[in-house]
Amino acid sequence: MPININEARARLLERKAEIEHLRDISKDARKPVKLDQQSVGRLSRMDAMQGQALAQETERRRQGELMRIERALKAIDLDEYGLCVSCGDEIAQKRLELDPSALSCIRCASGEDRSR
Ligand SMILES: [Zn+2]
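Figured I'd write up the structure that's included with this text.

The rules we used
Residue numbers restart at each chain and count upward from 1, following the sequence in its written direction. Whole-chain, interface and lining totals are the exception, using all residues; otherwise, since this is a predicted model, local features are given only for residues with pLDDT of at least 70 and side-chain atom pairs are given and counted only at 80 or more. Calculation of side-chain values draws on the structure's entire complement of heavy atoms; hydrogens and water are dropped beforehand. Here a donor is any nitrogen, oxygen or sulfur atom (N, O, S) within 2.8 Å of the metal, with 3.2 Å used for Na, K and Ca; water is not among the atoms considered, so some sites may look incomplete. Just to be clear on the cut-offs, tetrahedral is four donors with all angles between 85 and 135 degrees, square planar is four donors and octahedral six with opposite donors over 155 degrees apart and all others between 65 and 115, and anything else goes down as irregular. Helix numbering and strand numbering both begin at the N terminus, where a helix is a DSSP run of H or I of at least 4 residues and a strand a DSSP run of E of at least 2. Whenever a helix is involved, its axis is fitted only over the stretch in contact; in every case the axis is a line through C-alpha atoms, and angles between N-to-C directions fall within 0 to 180 degrees. Put simply, angles under 35 degrees are roughly parallel, angles over 145 are roughly antiparallel, angles from 65 to 115 are roughly perpendicular, and the rest are oblique. Here is the rule for handedness: rotate from the far helix to the near one, and if that takes an anticlockwise turn smaller than a right angle the crossing is left-handed, while a clockwise turn gives right-handed. Note on contacts: a residue pair qualifies if any of its non-hydrogen atoms lie within 4.5 Å across the two residues. As a working rule, the residues Ala, Val, Leu, Ile, Met, Phe, Trp, Tyr, Cys and Pro are called nonpolar, Asp, Glu, Lys and Arg charged, and the rest polar, with Gly in that last group. How far a helix is expected to stretch is found by multiplying one less than its residue total by 1.5 Å. For the exposure calls, accessible area comes from a 1.4 Å probe over protein chains only, and a residue counts as buried if that area is under 20% of its type's maximum, exposed if over 50%, partly exposed in between. As used here, the arc is the angular range of directions from the helix axis to the C-beta atoms. In protein, a polar contact requires one atom able to donate a hydrogen and another able to accept it; more generally it is a pair of N or O atoms within 3.5 Å, and residues adjacent in sequence count only if both atoms are side-chain atoms.

**Things to note about the coordination of the zinc ion**
Coordination angles at a metal have ideal targets, namely 109.5 degrees for four tetrahedral donors and 90 or 180 degrees for six octahedral donors.
Thought 1: Distances from the zinc ion to its protein donors, Cys84 (SG), Cys87 (SG), Cys105 (SG) and Cys108 (SG), fall within 2.2 to 2.3 Å.
Thought 2: Bound by 4 donor atoms, the zinc ion shows angles of 105 to 115 degrees at the metal and therefore tetrahedral coordination geometry.
Thought 3: In primary-sequence terms, the residues that donate to the zinc ion follow C-x2-C-x17-C-x2-C. Separated by 24 residues along the polypeptide, Cys84 in the loop between α2 (42-77) and α3 (93-98) and Cys108 in helix α4 (residues 106-115) bring together distant segments of the chain.

Listed below in structure tokens is the structure:
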């Protein structure tokens, strides 16, 4: 059974909207931590800074996913969706069902992981 492009596109757009919404509501958490000696103790300042680092890490991950989603949507437009960007082979349908924004086949993806 071939990949359902319309469904993939719908899922990608849905995920994109979700990420954009999450980025929007988490804006405050990424603001620089105010180091107010008077009202905040040392430990809670560290908590706040840790929370900020976590929020920034989450934001980086979201940006990465958004980029993959954009590329996947472009691939749909170019009629290249479901093809590995590295080797050009078809990406397994199971993999695309799990993550519609997957850009490379499992072989290339795991090869990339090893070299990192
Ligand atoms: Zn590949």
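Additional details are given in the paragraphs that follow.
**Some details on the packing of helix α1 (residues 5-25) against α2**
Thought 1: Interaxial distance between α1 and α2 falls to 10 Å at its minimum, and their mutual angle equals 155 degrees. Taken as axis vectors, α1 and α2 run roughly antiparallel relative to one another. The chirality of how α1 crosses α2 is left-handed. Residues Ile5, Ala8, Arg9, Leu12, Leu13, Arg15, Lys16, Ile19, Glu20, Leu22 and Arg23 of α1 form the contact with α2, whose own contacting residues are Glu59, Arg62, Gln63, Glu65, Leu66, Ile69, Glu70, Ala72, Leu73, Ile76 and Asp77.
Thought 2: Here the contact of α1 with α2 is built from residues that sort into 11 nonpolar, 1 polar and 10 charged.

**Side note on α1**
Thought 1: Compared with an ideal rise of 1.5 Å per residue, which puts 21 residues at 30 Å, α1 spans 30 Å between its outermost C-alpha atoms and is within 8% of the ideal.
Thought 2: The set of residues buried in α1 consists of Ala8, Leu12, Lys16 and Ile19. End-on, the buried residues of α1 take up no more than an arc of 70 degrees, which puts them together on one face. Counted as exposed and oriented over 90 degrees from the buried face of α1: Asn6, Glu14 and Ile25.
Thought 3: Its buried side turned inward, α1 meets α2.
Thought 4: Here α1 starts with a cap whose side-chain oxygen sits 3.1 Å from the backbone nitrogen of Asn6, and that cap is Asn4.

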